[in-house]
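This is what each chain is made of:
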Amino acid sequence: MFAVAISCVVSGAAQAQTILSLGSGFKSPEGVAVDGSGNIFVADTFNSAVKEVLASGGYRDVANLGTGFNGPPGVAVDAVGNVFVADAGNNSIEEIVAAGGYVTINTIGAGFNGPFGVAVDASDNVYVADTGNSAVKQILAAGGYVTVKTIGSGFSYPTGVAVDAGGNVYVADNANNAVKEILASSGYVTVNTLGSGFSLPYGVAVDGSGNVYVADSGNNAVKEILASSGYAAVNTLGSGFAFPYGVAVDGNGDVIIADTGHNAVKDIAAPSPLVASVLPGSRSVQLGAPATIFATMINGGTATLGGCVVALSGSAPAGLTLNYQTTDPTTNALTGTVNTPVTLAGGGGLQSFLLSFQGAAPFAAPAMPIVFGCAGAPLAASIPGVDTVDLAMSSTPVADIIALAATPTNNGVIETPAGGAGAFAVASTNIGATDAITVSVDTGNAVLPLVAALCQTDPGNGQCLAAPSTSVALNYAGGAAPTFSVFVQSTAAIAFAPGASRIFVRFEDAGGGLHGSTSVAVEAE
């Protein structure tokens with residue numbers, strides 16, 4: 001799916017993962033579901049609404065579906081797009097019919113008390129976490145959703161349900177701090193407990209391989225119970241969630257989260273064969289002028305990928321537009337038609353682009369993610385300093401500093417012995433207005449065992465003009481092109497992890513506004 005990357009993290013399985021944010025305007029969303037086209041359905045609880053976040057708009061466009069709900073916490077979608085809603089405040093389960101444009105709403109089943117979770121199987125039977133009755137129920141499609149059966153037993157305040165291709169039902173048994181499975185083969189009598197260590201689990205989902213995903217609200221975590229381990233092993237996925245309530249998984253393996261405490265819907269993206277980079281990594285321009293950068297997308301997988309696009313994320317500033325056009329990677333000359341998807345061959349197929357941003361109002365968006373995606377594949381991981389852009393637009397003339405870093409190995413990595421020293425160079429030029437700028441060095445969000453300092457250098461001989469420090473202040477004239485050296489002293493080993501272990505050089509004004517940046521990866525062994 002195409003969505004916006006917020007940060008890169010490392011999972012328990014040591015795979016790089018990207019956390020994405022989808023849509024906006026939610027108020028305590030508690031349930032999520034995804035259809036076969038990647039559209040996301042949201043139970044937007046405190047807005048008493050059901051919403052659809054459209055895949056076709058890069059997950060920026062959000063539409064309301066149906067009316068008359070009262071604090072709905074759960075949502076599900078069937079194979080033809082009908083949406084089922086656990087309408088807790090009305091003690092009912094509602095079906096929003098896709099035919100006719102999500103206007104018709106039918107009440108199905110009866111006898112529910114504060115239903116929280118809802119799921120639908122391949123035969124269109126609907127499963128309900130009937131929370132107030134501490135029960136899990138099945139509404140049979142045969143007969144027109146009239147017959148309601150109680151399945152399994154022993155639940156206490158169940159809040160989430162999911163169903164796999166074999167009809168097995170998975171339950172977030174909230175008050176028992178457990179995740180359970182009701183076996184279809186037993187006639188929905190046998191109940192197994194899966195995994196351990198959960199605290200107030202609210203949502204549950206299952207993928208095509210039988211892995212179970214849990215919104216583990218009391219631990220502010222999203223977890224995966226591995227089917228291959230006999231449902232014993234539990235991995236934590238992503239980080240930074242606040243009371244996640246709902247969870248879903250799409251056909252690509254992306255895990256979608258109702259991050260309730262943050263009033264957000266997020267996506268833990270599955271590993272992708274795509275990688276991307278941008279240059280320069282920062283632009284700061286006056287409104288009315290486009291901000292342009294170059295970008296490259298590479299297909300590291302074996303299969304050819306079509307429908308490859310570059311797009312804004314769902315969290316991009318309001319009024320911002322992006323146009324992309326292919327270029328010749330050897331000359332940077334424009335070659336294609338604006339905003340036309342391309343195909344990337346497998347085995348390292350590469351395409352370069354010119355990206356042009358145009359704003360409607362002033363904003364500052366440091367480390368703004370950009371969507372790099374192809375049809376049928378997870379989008380490229382978003383790595384701050386690699387394929388994000390520090391973008392700002394001002395109503396007045398502003399400094400716009402293009403900065404490039406060069407390492408001794410010329411590969412974008414500063415390599416030192418563990419406990420040893422190294423250095424790299426930074427060239428810059430201000431193509432904008434004159435301003436007082438402070439140039440500083442840091443390691444971003446990572447805490448790394450190193451000390452870094454920089455100095456401004458004589459462009460002719462590379463010698464420092466003053467003793468190295470953590471920052472350098474200068475009056476940065478328009479057209480000026482100062483150079484710098486950055487010195488790194490590691491105090492311990494630093495594993496090679498270019499997405500996480502990076503050194504940033506930033507150019508900021510007196511108010512902390514960012515007007516330029518560059519970065520390199522760091523390794524010490």
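Read on for a plain summary of the structure. Keep in mind it's a predicted model, so treat the numbers as computed, not measured.

What counts, and at which threshold
Residues numbered from 1 in each chain as written. Predicted model: local features only at pLDDT ≥ 70, side-chain atom pairs only at ≥ 80, totals over all residues. Heavy atoms only, no water. Disulfide = S-S within 2.5 Å. Helix = DSSP H or I, 4+ residues; strand = E, 2+ residues; numbered from the N terminus. Buried < 20%, exposed > 50% of the residue type's maximum accessible area, 1.4 Å probe, protein only. Pairing = 2+ DSSP bridges. Axes fitted to C-alpha atoms, helices over the stretch in contact; angles between N-to-C directions. Core = buried A, V, L, I, M, F, W, Y, C linked by side-chain atoms within 4.5 Å. Contact = heavy atoms within 4.5 Å. Phe/Tyr/Trp six-rings, centres within 6.5 Å; stacked < 30°, edge-to-face > 60°.

**Comments concerning the state of the cysteines**
Then step 1. A full pass over the atoms with the stated rule returns two disulfides.
Then step 2. Residue pairing for Cys308: its cysteine sulfur links by disulfide to Cys374, the two sulfurs lying 2.0 Å apart. For the disulfide bridge between Cys308 and Cys374, the dihedral angle about the S-S bond is near 110 degrees, and by the sign convention the bridge is right-handed. On the criterion of sequence distance, the pair formed by Cys308 in strand β29 (residues 305-312) and Cys374 in the loop between β33 (363-373) and β34 (388-394) is long-range, its members being 66 residues apart. This pair shows no difference in class: Cys308 is buried, exactly as Cys374 is.
Then step 3. In this model, Cys455 is linked to Cys464 through a disulfide, with the two sulfur atoms separated by 2.0 Å. Looking along the S-S bond of the Cys455-Cys464 disulfide, the torsion reads about -65 degrees, which is the left-handed sense.
Then step 4. When its relative accessible area of 1% is taken as the criterion, Cys455 is described as buried.
Then step 5. By relative accessible area, which is 32% here, Cys464 ends up partly exposed.

**Some details on the sheet that holds β29**
Then step 1. Pairing in this open sheet of five strands is mixed, and the strands run β27-β34-β33-β29-β31 from one edge to the other. Lying at the two open borders of the sheet, with one neighbouring strand each, are β27 (282-286) and β31 (342-344). With strand direction ignored, the average angle separating the axes of adjacent strands in the sheet is 30 degrees.
Then step 2. Sheet topology places β29 next to β33; four bridges connect them, and they run antiparallel.

**Some words on the sheet that holds strand β21 (residues 221-225)**
Then step 1. One open sheet holds the four strands; their spatial order is β19-β20-β21-β22, and the pairing between them is antiparallel. Each edge of the open sheet is held by one strand with a lone partner, namely β19 (201-206) and β22 (234-237). The sheet shows a mean angle of 25 degrees between the axes of neighbouring strands, taken without regard to direction.
Then step 2. For strand β20 (residues 212-216) and β21, the ladder comprises five bridges, and the chain directions are antiparallel. Looking at β21, one finds that Val214 is bridged to Lys223.

**Some words on the nonpolar core**
Then step 1. By size, the foremost hydrophobic cluster in this structure holds 33 residues, and its most contacted members are Leu320, Leu355, Phe357, Ile370 and Phe372.
Then step 2. When contributions to this core are tallied by element, the ones reaching two or more residues are β26 (274-279), β28 (291-299), β29, β30 (321-327), β31, β32 (349-358), β33 and β34.
Then step 3. Each residue touching Leu355, except ones within four places of it in the same chain, is listed here: Ala291, Thr292, Ile293, Ala295, Val310, Leu322, Asn323, Tyr324 and Ile370.
Then step 4. Counting 26 residues, the second largest nonpolar core, distinct from the first, contains Ile414, Ile503, Phe507 and Ala524.

**Focus: the packing of aromatic side chains**
Then step 1. Summed over all chains, the structure comprises ten aromatic pairs.
Then step 2. Seen from their ring centres, Tyr170 and Tyr231 are 6.5 Å apart, and the 45 degrees between their planes marks the pair as tilted. Here the residue Tyr170 occupies a position in strand β16 (residues 169-173), and Tyr231 occupies one in the loop between β21 and β22, the gap between them amounting to 61 residues. Exposure class is identical for Tyr170 and Tyr231. Each is buried.
Then step 3. Among the aromatic side chains, those forming a connected cluster through ring pairs are Phe116, Tyr202 and Tyr245.

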